Structure formats: C-alpha cells, structure tokens
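Okay, here's what each chain looks like letter by letter:
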Amino acid sequence: MTELVGGPSLPQERKLVTSIPGPKSQEMMARKNAAVAAGVGVALPVSIVAAGGGVMVDADGNSLIDLGSGIAVTGVGNSAPAVVEAVVNQVQQFTHTCFTVTPYDGYVKVAEKLNELIPGDHEKRSALFNSGAEAVENAIKIARHFTKKNGVVVFDHAYHGRTNLTMGMTAKNIPYKDGFGPFAPEVYRVPTSYPFRDGLSGAEAAKVALTQIEKQVGAGNLAAIIIEPIQGEGGFIAPAEGFLPALQAWATENNVVFILDEVQTGFARTGDLFAANHEGVVPDMVTTAKGIAGGLPLSAVTGRADIMDSAHAGGLGGTYAGSPIACAAALATIDTYEKENLTERAREIGAIIDEFFGELAKNDDRIGEIRGRGAMKAVEFVVSGSKEPNAAVTGAIAKQAGEQGVILLTCGTYGNVVRFLPPLSISDELLREGLQVVADALAAN
Ligand SMILES: *Cc1c(COP(=O)(O)O)cnc(C)c1O
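Residues numbered from 1 in each chain as written. Predicted model: local features only at pLDDT ≥ 70, side-chain atom pairs only at ≥ 80, totals over all residues. Heavy atoms only, no water.

Counted only if it meets this: UniProt positions are given in the numbering used here, feature names are shortened, and annotations may be inferred rather than shown by experiment.
An unreviewed UniProt entry annotates the protein as (S)-3-amino-2-methylpropionate transaminase originating from Leucobacter coleopterorum. Its UniProt record gives the protein the following Cofactor (unreviewed entry) comment, quoted word for word: "pyridoxal 5'-phosphate". UniProt annotates the protein under Pathway (unreviewed entry) with the comment "Amino-acid degradation; 4-aminobutanoate degradation."

**Quick look at the overall build of the protein**
The test is simple: Helix numbering and strand numbering both begin at the N terminus, where a helix is a DSSP run of H or I of at least 4 residues and a strand a DSSP run of E of at least 2. Atoms counted for the radius of gyration: C-alpha only. Globule rule: 2.2 Å times the number of residues to the power 0.38. Throughout this description, buried means an accessible area under 20% of the type-specific maximum (1.4 Å probe, protein chains only), exposed means over 50%, and partly exposed covers the range between. Residues are treated as being in contact if the distance between any of their heavy atoms lies within 4.5 Å. To measure how exposed things are, a 1.4 Å probe is used in the Shrake-Rupley method; for residues, cover is taken only from the protein chains shown. The positive count covers Lys and Arg only, the negative count covers Asp and Glu only, and His and the chain ends enter neither. By convention, the charge on Lys lies at NZ, on Arg at CZ, on Asp at CG and on Glu at CD.
From N to C terminus, the protein includes 15 helices and 15 strands. Relative to its length of 445 residues, the protein is compact, with a C-alpha radius of gyration of 21 Å against a globular reference of 22 Å. Taking the principal axes of its C-alpha atoms as reference, the protein extends roughly 60 × 60 × 45 Å. Counting the 445 residues in the protein, one finds 54% classified as buried. Restricting to contacts in the protein with at least 6 residues of sequence separation, those with at least 24 account for 73%. Per element, the accessible surface of the protein, about 18,000 Å² overall, is 52% carbon and sulfur. Positive and negative side-chain charges in the protein, numbering 35 and 49 respectively, have mean positions lying 4 Å apart.

**Details of unusual backbone geometry**
Geometrically, the link from isoleucine 20 to proline 21 is a cis peptide bond, its omega value of -5 degrees lying close to zero. Tracing the sequence through the fold places proline 21 in the segment before α1 (23-35). You will see that serine 69, though not glycine, has its phi angle at about 50 degrees, which is positive. Phi is positive for glutamate 186, which is not a glycine, with a value near 65 degrees. Along the chain, the position of glutamate 186 falls in the loop between α6 (164-169) and β6 (187-190).

**A short note on the site of the ligand**
Heads up, the condition is: Think of it this way: one heavy atom of a residue within 4 Å of a molecule or strand is enough to make that residue near it. In the analysis that follows, any N or O atom pair within 3.5 Å is treated as a polar contact, provided that within protein one partner can donate a hydrogen and the other can accept it, and provided that, for residues neighboring in sequence, both atoms belong to side chains. Polarity classes work like this: nonpolar for Ala, Val, Leu, Ile, Met, Phe, Trp, Tyr, Cys and Pro, charged for Asp, Glu, Lys and Arg, and polar for all others, with Gly in that last group.
In the vicinity of the ligand, the residues found are Ser131, Gly132, Ala133, Tyr159, His160, Gly161, Glu228, Asp261, Val263, Gln264 and Lys290. Measuring from an oxygen atom of the ligand, one finds a backbone N or O atom of glycine 132 at 2.7 Å. Glutamine 264 is positioned with one of its side-chain polar atoms (N or O) 2.9 Å from an oxygen atom of the ligand. Split into classes, the residues belonging to the shell around the ligand amount to 3 nonpolar, 5 polar and 3 charged.

Right, here's the structure in full:
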C-alpha cells in the first residue's frame with residue numbers, strides 16, 4: 001500500500017472492499033481525534049493514500065469517486081504528471097529563498113502569466129501569496145492604500161476566508177465565525193443577486209445593493225467592493241445578468257476598487273478560464289488561489305498597474321509567499337489547462353450534470369434549482385411544494401454518497417445545496433456513476 005502511486009494511471013473505478021470508513025481509516029481517525037484540534041473537522045473520515053484522475057484511494061484499499069477536487073483545487077487532477085515533474089525538478093534545484101530577500105524566475109513567470117490571462121487589456125501587476133484568504137486580505141490592503149479610503153462592501157452569502165478580516169467579510173456564522181470575533185471594522189454587508197430566492201433582475205438587485213451602499217456607507221468612505229462572480233460556499237449562487245456590470249459601473253464612477261474574488265471560480269472551473277468572462281466585466285483586481293497550482297498552496301492578487309503599484313516597496317510579501325515550488329506547480333498547472341483544453345472539458349462536465357439532474361427534477365420537486373456554470377454545478381434542495389431550504393435531505397445525500405464511495409460536498413447559507421466540483425480529469429463514465437450514487441441517495445431519503 002505504501003508503494004501506491006497516485007495520478008491518472010490509478011485504476012479509474014469505484015471499488016469498495018470494506019465499509020466506509022474501513023478499519024485503517026477508523027484507526028487513523030481515532031489518532032486524529034487524540035492529536036488534532038477538534039475544530040479541524042472532516043467531511044468524510046477516510047485516510048487517503050493516493051489520488052488521481054477521478055478517484056481517491058484510502059488506506060483500506062477502497063477507491064472513491066472524487067466529486068470535490070479538494071474544494072475546487074485539483075482541476076488538472078491529483079498528482080497530474082506535469083505538476084509532479086515540475087515540482088520534483090524545482091525541489092532538486094532549491095526549495096526556498098524568500099522572494100523578497102533573493103528573488104527567482106518562477107515567481108516572475110507566474111506573475112507574467114496571470115497578467116496575460118486575467119480579464120482586461122490594461123497593464124497589470126500581480127503579487128503572490130499562500131492562501132485565498134491571504135490574497136483577499138492583500139487585495140483590501142492595496143485598495144485602501146490606493147483610494148486612501150477604508151470601507152469594504154461585501155455581500156450576503158459571501159465567503160472570503162478564515163483569517164480575522166476575511167471572517168468578518170464572510171457571511172455565514174456557523175461554522176466560520178461563531179465565537180471567533182470581534183471582527184475587523186469597516187466591513188459592510190449588502191444584499192446580493194440570488195435569482196432563485198429574490199426573483200429580481202440583475203438591474204433591480206444592483207439598485208437594491210447600490211442604494212444601500214449610498215445610504216449606509218457613502219462612496220466617499222468606500223475603498224472596495226468585493227464579490228465572488230459565482231458565490232461558492234454561499235451556495236453556487238450565480239447573479240442575474242447585469243448585476244455585476246452595474247456594480248462595476250458604479251464603482252468606476254465613484255473611485256471604488258471593484259474586486260472579483262475568483263478563488264473558487266478561477267482556472268477553467270466554470271468553462272472559461274475566469275468567471276468574469278461570462279459576465280462581461282473587467283475587474284480592477286482579481287484574487288485567485290484554489291485551482292492555480294494543482295494542489296500546492298499558492299494565491300495571487302492581479303490588478304491594474306496603477307492600483308497595484310500604489311503600495312510602497314516592502315509593504316507586500318510574506319516568508320513563503322510565492323514559494324518556488326508552488327510557482328513551478330502553477331506554471332505546469334496553467335499550461336495543462338491550456339494544452340488539455342480543460343475549459344471545454346468543464347463545459348462538457350456541466351452539460352452532463354445539467355442533463356442528469358434535469359431528468360431527475362421532472363419527478364422530484366425537492367430539486368429546487370440546478371445552477372452554476374461548467375464544472376461548478378450545484379443542486380439546491382427544498383421541501384416539496386415550497387422554497388423552504390431542505391438541509392435534512394442534503395445532509396442525508398452527502399452522508400449516503402460517502403458511505404457508497406462518492407466524495408460529495410455540500411454548501412449554502414442554509415446548508416441545502418449539494419455542489420459538484422469534479423476534477424476536470426474525471427472520465428464521463430466515472431462522473432455518471434458518481435451522479436447515479438447521488439440519485440440513489442436522493443431516492444432513498
Ligand atoms: C476558499 C475561498 C477563499 C479562501 O481561500 P483559502 O485558501 O481557504 O484561504 C476565499 N474566497 C473564496 C471565494 C473561496 O472559495
């Protein structure tokens with residue numbers, strides 16, 4: 001078992017040889033409970049030993065279908081060969097210098113690549129960090145420095161991370177915020193566009209949000225508006241058409257930096273390299289992370305050169321920020337998205353999920369809405385004959401799917417959304433088998 005090698009050559013099958021969790025996983029979980037802080041919870045209590053393509057293999061020899069990609073991270077697949085090769089080459093040369101002490105080429109190459117790929121023809125600059133939350137924090141630092149203003153507008157259902165500032169920017173209390181305050185000041189929350197629940201057009205929803213911003217914050221106090229182009233943890237909520245362009249137009253008129261948090265939507269996930277491209281918006285700044293480096297920790301802020309260059313030298317950085325190993329992985333990962341045409345693959349995956357649940361919805365009115373784009377799809381479950389969130393059936397589906405060998409994530413402010421984030425390296429057959437397990441769980445609950 002210790003010799004098992006991950007990557008796409010692993011047998012692409014769902015295979016259960018024990019119940020889930022098996023004895024070895026249970027043994028590890030007992031040690032986990034004794035050694036790891038209880039606040040670090042797990043969705044599925046298995047001990048993973050290898051992963052690749054569309055599967056994860058556990059210590060008991062079970063092969064599970066991966067519909068989560070470690071939360072939208074391994075878009076190119078786990079242990080993707082090009083990523084493994086780039087990482088091995090890099091660690092053999094050097095593992096660390098700290099870019100702000102003695103720089104290296106990989107970091108600059110990632111910045112050049114991001115400046116080329118992030119939406120907009122304007123001149124750009126990038127800065128690299130380790131996590132999504134760290135990228136969001138730095139985007140806010142830079143926007144405040146540039147505008148010489150303090151206020152930050154965030155939205156209902158938003159998720160921006162677990163550090164103090166980003167917890168305050170995140171909407172949902174349990175599990176992210178409860179008891180962890182006080183939170184940073186000058187963060188203002190306004191309504192988002194949630195077509196399934198608010199019934200508003202993009203223009204109408206933008207009017208509600210912008211009126212609230214003008215009345216309760218004032219453009220003169222506002223440094224930035226930050227929004228996920230499709231809200232991730234909040235429930236894969238795609239705003240009505242026109243919502244984001246209206247926010248952007250207002251921000252531009254009022255010297256407010258318009259930031260898109262593409263940490264979850266970025267890098268081919270939505271069927272385009274970035275979700276901004278679907279929405280017809282050109283953000284001033286974009287934060288990226290998750291899908292950027294094939295599983296290595298890396299994040300970035302990319303934005304207009306005048307905004308990004310406004311912070312003084314030495315004002316941005318971090319010991320590990322833009323690690324050479326993560327940069328090598330990112331260059332190989334981005335190359336893989338392009339070479340393997342994974343934006344197209346994301347759209348194919350989305351079409352399969354849409355068709356599958358479209359059929360099921362004909363006979364099951366607990367399926368309230370099927371939404372999202374590309375391989376970032378979700379099903380919102382409601383109580384039959386209403387729009388009341390159905391968290392009970394959602395939890396039951398995820399639990400049963402796990403027991404049947406399918407890694408499935410939930411999300412949503414009301415805990416009633418099942419989200420599909422398969423690696424783009426999954427086969428059609430495995431994806432369909434995973435969806436059928438979910439359908440069977442729905443039927444049984
Ligand atoms: C996951 C996520 C973050 C936080 O990223 P971490 O790497 O977990 O800090 C921020 N914004 C969005 C939209 C995310 O999905």
